[in-house]
Amino acid sequence: GLFRTRNGNGKKARAETLSSHKWGPIQIGSLVFVVTLLLSTTIGFIFQALGFVENPWMMALILSTTSLGVVVPVLKEKGISSGTYGQSLLIAALIADFATMFLITVLVAIVSVGLTLEVLLIAVLFIAFVLMYRFGLFAVHRLPFVGRALDELSSATSQIKVRLAFTIMLIFVALSEQTGTEIILGAFLAGAIISLLKRPEDHDLEEQLNSIGFGFFIPIFFIMVGVDFNLSALTESPQALLLAPLLILAAFVVKFVPSLVFKLAYTWRETFGAGAILSARLSLIIAASAIGQRL
């Protein structure tokens, strides 16, 4: 494939070979996030020097976010989610989502209680994650009657799988509240457990949770963001009016520049496409901003 350049497939084959060996999805996704975080941190300190922000680290993490909920549907619709290019985009978005949530949680703990041993309470969430995941694997694979019972109780009235998913979420949210960590991290870990334990025959569960989330909870979240939005604070402040376009520009710069890493294994078109889709932000950046405002 590397030598068939006359028929126009050599370049594509070379890209596929590179992406599957030296520059695979994990390497590219990790490198993209590292460059994103470094660039966002630099911009955060520039904004601090200009008097726009008080905490450059929080601004860096806010700018580093990517909406996995936007990336996944687009890749599925285009039918490229299973290829190396799609997997590289998914890994980059996943790392950005999880790493920023984790780092925001650590930062909030440090700002709230200082650099004390209480920060280590975040580890309790991950210990609970591992224990619940191992218990779930044992129940699903070693106790076949559990799977049969879940299938039998997943009727229109019982919906035991949906109830179980909500139970797991509430457990991690309550645990986050008790340990003083951010609720979004606990909710994310709960979702990760559900995803890891989900069987092929549980495809309806994802659709049901999507319907509940996008049809009920997320609209309420955005409604409350709109209710709390102070437009006069923006329009009456020349500094805020100047910061808004700078933030929009920075939000694209910190995604498009790191996405040049994709050129190591893909074409320029795919590289710029990666920068565009990784610039997508939805609920996480608003949640992170709300946390920053609360601090």
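Residues numbered from 1 in each chain as written. Predicted model: local features only at pLDDT ≥ 70, side-chain atom pairs only at ≥ 80, totals over all residues. Heavy atoms only, no water.

A. Spotlight on the side chain of Asp97. Tracing the backbone shows Asp97 in helix α5 (residues 84–113). Those residues in contact with Asp97, other than ones at most four positions away along the chain, are Thr66, Ser67, Leu68 and Leu284. (Helix = DSSP H or I, 4+ residues; strand = E, 2+ residues; numbered from the N terminus. Contact = heavy atoms within 4.5 Å.)

B. Up close: the nonpolar core. In this structure, Ile122, Ile168, Phe172, Leu185, Leu189 and Ile193 are the most contacted members of the largest nonpolar core, which totals 19 residues. Contributions of two or more residues to this core are made by α5, α6 (122–142), α8 (160–179) and α9 (183–197). Here this core gets six residues from one element, more than from any other, and that element is α9. If near-sequence neighbours (up to four positions away) are discounted, Leu185 is found in contact with Phe98, Met101, Phe102, Thr105, Ile122, Leu125 and Phe126. (Core = buried A, V, L, I, M, F, W, Y, C linked by side-chain atoms within 4.5 Å. Buried < 20%, exposed > 50% of the residue type's maximum accessible area, 1.4 Å probe, protein only.)

C. Local environment of empty space enclosed by the protein. Per the stated rule, a full pass over the model turns up one cavity of 30 Å³ or more. Roughly 50 Å³ of volume is contained in the largest cavity. Contributing to the lining of the largest cavity are Val32, Phe33, Thr36, Thr66, Ala92, Ala96, Lys255 and Leu278. Only α2 (25–49) and α5 provide two or more residues apiece to the lining of the largest cavity. Ranked by residues supplied to the lining of the largest cavity, first place goes to α2 with three residues. Tallied by class, residues from the lining of the largest cavity come to five nonpolar, two polar and one charged. (1 Å grid on protein atoms, 1.4 Å probe; cavity = no way out; pocket = protein on both sides within 12 Å on 5 of 7 lines; lining within 4 Å. Points joined across faces, edges and corners; volume = space filled by probe spheres on them. Nonpolar A, V, L, I, M, F, W, Y, C, P; charged D, E, K, R; others polar.)

D. Representation of the layout of surface pockets. If you add up the space inside the largest pocket, you get close to 2400 Å³. What lines the largest pocket is a set of 49 residues, and nearest its centre among them are Ala187, Phe188, Gly191, Asn210 and Ile218. Among the secondary structure elements, those contributing two or more residues to the lining of the largest pocket are α4 (68–78), α5, α8, α9, α10 (203–228) and α14 (283–294). The element contributing the most residues to the lining of the largest pocket is α9, with eleven residues. For the lining of the largest pocket, a count of residues per class yields 33 nonpolar, ten polar and six charged.

E. Highlighting the confidence of the model for the protein chain. The predicted model of the protein chain has a mean per-residue pLDDT of 82, with 87% of residues at 70 or higher. Mean pLDDT values over the elements of the protein chain span from 45, in helix α1 (residues 10–20), up to 93, in α2. Below a pLDDT of 50 lies the segment residues 1–20, which in the model reaches 19 contacts outside its immediate sequence neighbourhood of four places, other chains included. (pLDDT = per-residue confidence, 0-100.)

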